[in-house]
Amino acid sequence: MFAFLNKKDPAETTDLELDPKRIPAHIAIIMDGNGRWAKARHLPRIAGHKEGMNTVKKVTIAASDLGVKVLTLYAFSTENWKRPTDEVNYLMQLPVSFFDTFVPDLIKNNVRVQVMGYTDRLPASTQKAVEDAIADTKDCDGMVLNFALNYGSRAEIVTGIQAIAQQVVDGQLDVADIDTDTVDRALMTAPLAPYHDPDLLIRTSGEERISNFLLWQIAYSELEFTDVKWPDFTAATLQACIADYQSRDRRFGGLSAKK
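This is a predicted model, so every value here is computed, not measured. (Residues numbered from 1 in each chain as written. Predicted model: local features only at pLDDT ≥ 70, side-chain atom pairs only at ≥ 80, totals over all residues. Heavy atoms only, no water.)

**Regarding the overall build of the chain**
Moving on, step 1. From N to C terminus, the chain includes seven helices and six strands.
Moving on, step 2. Classification of the 259 residues of the chain by burial places 46% in the buried group.
Moving on, step 3. Across the chain, contacts joining residues at least 24 apart in sequence account for 80% of those joining residues at least 6 apart.
Moving on, step 4. Entry remark: accessible area of the chain is about 13,200 Å², with carbon and sulfur atoms responsible for 52%.
Moving on, step 5. For the chain, the distance from the average site of its 29 positive side-chain charges to the average site of its 36 negative ones is 5 Å. (Helix = DSSP H or I, 4+ residues; strand = E, 2+ residues; numbered from the N terminus. Buried < 20%, exposed > 50% of the residue type's maximum accessible area, 1.4 Å probe, protein only. Contact = heavy atoms within 4.5 Å. Areas by Shrake-Rupley, 256 points an atom, 1.4 Å probe, with all protein chains shown as cover. Lys, Arg positive; Asp, Glu negative; His and termini not counted. Charge placed at Lys NZ, Arg CZ, Asp CG, Glu CD.)

This is the structure we're talking about:
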């Protein structure tokens, strides 16, 4: 359910004890604050993005070790094309270098790569890096590392509606039979089933908005906003966010057994 959350650095919490039976199956993260992290250090914005990718590596392994089933990372939105050309070009190159160095570790940790978004609109070199990473990790059956790359939730929903409408036009589906499962199957998270909806959504760097990310899927997700900038996000920060998640009573619109 939705809740008001404290904004202090959750990594300040010590001696955390997590219930291994209540680890969120799907964690989604809006990785925010790379540019501000760099600016605070008088570095170019791209330095923040580079350090942010190192954080992705650390958090991926940490999530896998905790037993998370799916980790979805908002890497590049459909709106991010509005950024300066040099920065966009650098962001498009990041998956190439990231997967080139990290795929062996992903395989070692039994992590499978998946990507959702309008990847056909990415540069050819970026598309190839993504396709190679997916192919190289296809036999891994542990955690899924799902990147949202050139992804926007409103566009995803429109595309899904178009697909459902086409099924109706083609006589494959009756309007009366359209339900929530129909929509789930039409969205880009469908391959993640049964973990297509995040249990926990984390946004770093102090911003408290969703920014066009998984709008349908987070209807009953727990939301965690932290002031920690993404390059400073650690395994301990992740554990603290999960501890906060485990402290909540998820009722999905109903009543708790305690009520």
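**Regarding the confidence of the model for the chain**
Moving on, step 1. Looking at the chain, the pLDDT average stands at 92 and 91% of residues meet or exceed 70.
Moving on, step 2. Low pLDDT, under 50, characterises residues 1-7; the predicted model gives this stretch 22 contacts beyond four residues in sequence or across chains. (pLDDT = per-residue confidence, 0-100.)

**Digging into the side chain of Glu-224**
Moving on, step 1. Inspection of the secondary structure assignment puts Glu-224 in strand 6 (residues 222-225).
Moving on, step 2. Taking the relative accessible area as the measure of exposure, Glu-224 reaches 3% and is therefore buried.

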